[in-house]
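Structural features, examined
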Amino acid sequence: MYKDMPVISDEEVEQALWFSMEQVVRNLPEFTHKFQNAYSENGFYQPIENQEWTTGFWTGEIWLAYEYAKEKEARDQAISGNSEILKKAGEIQVASFLNRIEKKIDVDHHDMGFLYSPSCVAAYKLTGNTDARRAAILAADQLITRYHPVGEFIQAWGPMDAPENYRLIIDCLLNLPLLYWASEETGDDKYRQIAEKHIHTAIRNVIREDYSTWHTFFFDRKTGAPDHGATWQGYRDGSAWARGQAWGIYGCALAYKYTKREEYIEVFRHVTQYFLEHLPADMVPFWDLEFTDGEEQPRDSSSASIAACGILEMIKSMEEKEAAVYEKYARQMMKSLYDFYAVKEPEASNGLVLHSTYSNHSPYNGCNHCGVDECNSWGDYYYMEAMMRLHKEWIMYW
Ligand code: GLY
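1. Some details on the overall build of the chain
Along the backbone of the chain there are 12 helices and 9 strands. Projected onto its principal axes, the C-alpha coordinates of the chain cover approximately 65 × 50 × 40 Å. Classification of the 398 residues of the chain by burial places 63% in the buried group. Roughly 15300 Å² of accessible area belongs to the chain as shown, and the carbon and sulfur atoms make up 49% of that amount. Here the chain carries 38 positive and 61 negative side-chain charges, and the mean point of each set is 5 Å from the other.

Below you can see the structure in the form of structure tokens.
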């Protein structure tokens, strides 16, 4: 499969990181006291307050750019200044995240990991910022309030007593590392125990027999028994929403990292295989894996970066030979993104990667039409993360 597709070289990885770092720095005047919106409009992000589930990705880009700039400055004293500028901007954003969680501004949902891992856990790991640590622990406290002990899962959206919301979504697997981190930091095992329960419930239910995935899954409120799967952002209930499948790939890699359950490596293999087998020729998926070459449908470039990150995490626990096979897939996807999807000129966009899809309405799903065929903040973030993973032994923010 894909054996003739080129792989990204180390030099191209450097070029991608260098451009990304400079693009982040160019964005700081507009996006230090504000955040990038979830998606661009005609290629350009508009500034927003610290709201929505997505603002952590922009802060995460700042920290990735900081790491990269610092490394370059340490090697070459002539390159100056960017790391300090980035660090100051990151600290301003961390203060905003602390304020957000203390005042509970738009935190009544499960996306605490997406918000607080790449922003505050990252800041704490990189700089020892104690406000960041405090904010991330408060976010973990907030996240566990959404746990349902009967169903043994964390509810994604909506009021906790609303029957129509008694469900988990596959994306939540990425919110759980925050809980493992909180247990490690505080010595209190309650966060880890909840994360573990959710992982088992999620993986048992969102993965279908053919290893495609449900976006969301409902349970019986009284007994906690599995009820049914449904999509929200995918094309239709039985299809595989591309980003859901990609969250599944990265989610399984993280599930294995934190639980060390061997069965999750096997699930990872199958879920990844399904994704790879449903890619178009350039290895960057359409927004739903139902679609392929020749169809007039938008891409979701962010899914390729998310999948590459998951693969690059999982291969750390694989035998050399198998790891090399998977690394090649990741390098091929990143090469395609770098050559055909990445922004090359700041005049064209203030983002990093074009042709992503946030939410595409179909006759069979319930979501709005927004951020279609644009950059989006997690697409940019995971593109940088994947490049960073290819560049060095990266210490995860997750
Ligand atoms: N977590 C929501 C999304 O991926 O769009």
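The discussion continues.
2. Notes on the site of the ligand
Around the ligand sit Trp 53, Asp 171, Gln 233, Trp 241, Arg 243, Trp 247 and Tyr 358, and those are all the residues in its vicinity. Gln 233 places a side-chain nitrogen or oxygen 2.9 Å from an oxygen atom of the ligand. Here an oxygen atom of the ligand and a side-chain polar atom of Trp 247 are 3.0 Å apart. Computed on the free molecule, the ligand has an accessible area of 200 Å², of which 95% lies beneath the protein chains in the complex. Assessed atom by atom at 2 Å from the grid points, the ligand resides in the largest pocket. Across the shell around the ligand, the residue classes break down as 4 nonpolar, 1 polar and 2 charged.

3. Concerning helix H3 (residues 82–102)
Under the 1.5 Å per step criterion, the end-to-end length of H3 is 30 Å for 21 residues, consistent within 8% with the ideal 30 Å. When H3 is considered as a whole, its buried residues turn out to be Asn 82, Ser 83, Leu 86, Ala 89, Gly 90, Gln 93, Val 94, Phe 97, Leu 98, Arg 100 and Ile 101. Structurally, H3 contributes buried residues whose contacts are with helix H1 (10–27), strand S1 (35–36), helix H2 (55–75), helix H4 (112–127) and helix H5 (130–144). Lys 104 occupies a position one or two residues after H3 and carries a positive phi of about 55°.

4. Examining the sheet that holds strand S5 (residues 167–169)
Strand order in this open sheet of 3 strands is S5-S6-S7, and the pairing throughout is antiparallel. Of all strands in the sheet, those bounded by a partner on one side alone are S5 and strand S7 (226–230). Each adjacent strand pair in this sheet contributes to an overall mean axis angle of 25°, direction not counted. Of the pairings in the sheet, the one linking S5 to strand S6 (residues 216–219) comprises 3 bridges and is antiparallel in character. The residue bridging Leu 168 from the neighbouring strand is Phe 217, located in S6.

5. Details of the pattern of salt bridges
Within this structure, the stated rule accounts for 27 salt bridges. Residues Arg 269 and Glu 322 are paired through a salt bridge, measuring 2.5 Å at the closest nitrogen-oxygen approach. Of this pair, Arg 269 sits in helix H9 (residues 263–277) while Glu 322 sits in helix H11 (residues 320–340); the two residues are 53 residues apart in sequence, bridging distant segments of the chain. When its relative accessible area of 23% is taken as the criterion, Glu 322 is described as partly exposed. Across the pair Arg 389 and Glu 385 runs a salt bridge, and its minimum N-O distance is 2.9 Å. Here Arg 389 and its partner Glu 385 are both found in helix H12 (residues 377–391), 4 residues apart, which amounts to about one turn of the helix. Side by side, Arg 389 and Glu 385 carry an identical accessibility label, which is buried. Among the ionic contacts, a cluster of salt bridges with common partners joins Glu 14, Glu 71, Lys 72 and Arg 75.

6. Digging into the packing of aromatic side chains
Tallying each qualifying case throughout the model produces 35 aromatic pairs. An angle of 90° between the planes, with centres 5.9 Å apart, marks the rings of Trp 53 and Phe 57 as edge-to-face. The two residues Trp 53 and Phe 57 agree in class, both being buried. Here the aromatic rings of Phe 153 and Tyr 166 are separated by 5.0 Å at their centres, their planes lie at 75°, and the arrangement is edge-to-face. Of this pair, Phe 153 sits in strand S4 (residues 153–154) while Tyr 166 sits in the loop between S4 and S5, and the two are 13 residues apart along the sequence.

7. Details of empty space enclosed by the protein
This structure, assessed with the given rule, holds 1 cavity of 30 Å³ or more. Reported here for the largest cavity is a volume of approximately 30 Å³. Lining the largest cavity are Leu 173, Leu 176, Pro 177, Ile 199, Gly 251, Leu 254, Ala 255 and Tyr 258.

8. Overview of the packing of helix H8 (residues 242–259) against helix H10 (residues 301–314)
Here H8 crosses H10 at 15°, and the two axes come no closer than 8 Å. With respect to H10, the element H8 is oriented roughly parallel. In this structure, H8 crosses over H10, and the sense of that crossing is left-handed. In this structure, H8 contributes Ala 242, Arg 243, Ala 246, Trp 247, Ile 249, Tyr 250, Ala 253, Tyr 256 and Lys 257 to the contact, and H10 contributes Ser 302, Ser 303, Ile 306, Ala 307, Cys 309, Gly 310, Ile 311, Glu 313 and Met 314. Residues belonging to the contact of H8 with H10 are distributed by class as follows: 12 nonpolar, 3 polar and 3 charged.

9. Some thoughts on the nonpolar core
In terms of nonpolar packing, the biggest core is built from 135 residues, with Leu 86, Tyr 116, Leu 179, Tyr 382, Tyr 383 and Trp 398 touching the most fellow members. In terms of residue count, H8 provides more of this core than any other element does, 10 residues in total.

What counts, and at which threshold
- Residues numbered from 1 in each chain as written.
- Predicted model: local features only at pLDDT ≥ 70, side-chain atom pairs only at ≥ 80, totals over all residues.
- Heavy atoms only, no water.
- Helix = DSSP H or I, 4+ residues; strand = E, 2+ residues; numbered from the N terminus.
- Buried < 20%, exposed > 50% of the residue type's maximum accessible area, 1.4 Å probe, protein only.
- Areas by Shrake-Rupley, 256 points an atom, 1.4 Å probe, with all protein chains shown as cover.
- Lys, Arg positive; Asp, Glu negative; His and termini not counted.
- Charge placed at Lys NZ, Arg CZ, Asp CG, Glu CD.
- Near = heavy atom within 4 Å.
- Polar contact = N/O pair within 3.5 Å; in protein donor to acceptor, adjacent residues only side chain to side chain.
- 1 Å grid on protein atoms, 1.4 Å probe; cavity = no way out; pocket = protein on both sides within 12 Å on 5 of 7 lines; lining within 4 Å.
- Sits in = over half its atoms within 2 Å of the grid points.
- Nonpolar A, V, L, I, M, F, W, Y, C, P; charged D, E, K, R; others polar.
- Expected span 1.5 Å × (residues − 1).
- Contact = heavy atoms within 4.5 Å.
- Pairing = 2+ DSSP bridges.
- Axes fitted to C-alpha atoms, helices over the stretch in contact; angles between N-to-C directions.
- Salt bridge = Lys/Arg side-chain N within 4 Å of Asp/Glu carboxyl O.
- Phe/Tyr/Trp six-rings, centres within 6.5 Å; stacked < 30°, edge-to-face > 60°.
- Points joined across faces, edges and corners; volume = space filled by probe spheres on them.
- Parallel < 35°, antiparallel > 145°, perpendicular 65-115°, else oblique.
- Left-handed = near helix turned anticlockwise from the far one by under 90°.
- Core = buried A, V, L, I, M, F, W, Y, C linked by side-chain atoms within 4.5 Å.

By themselves these figures say nothing about function.
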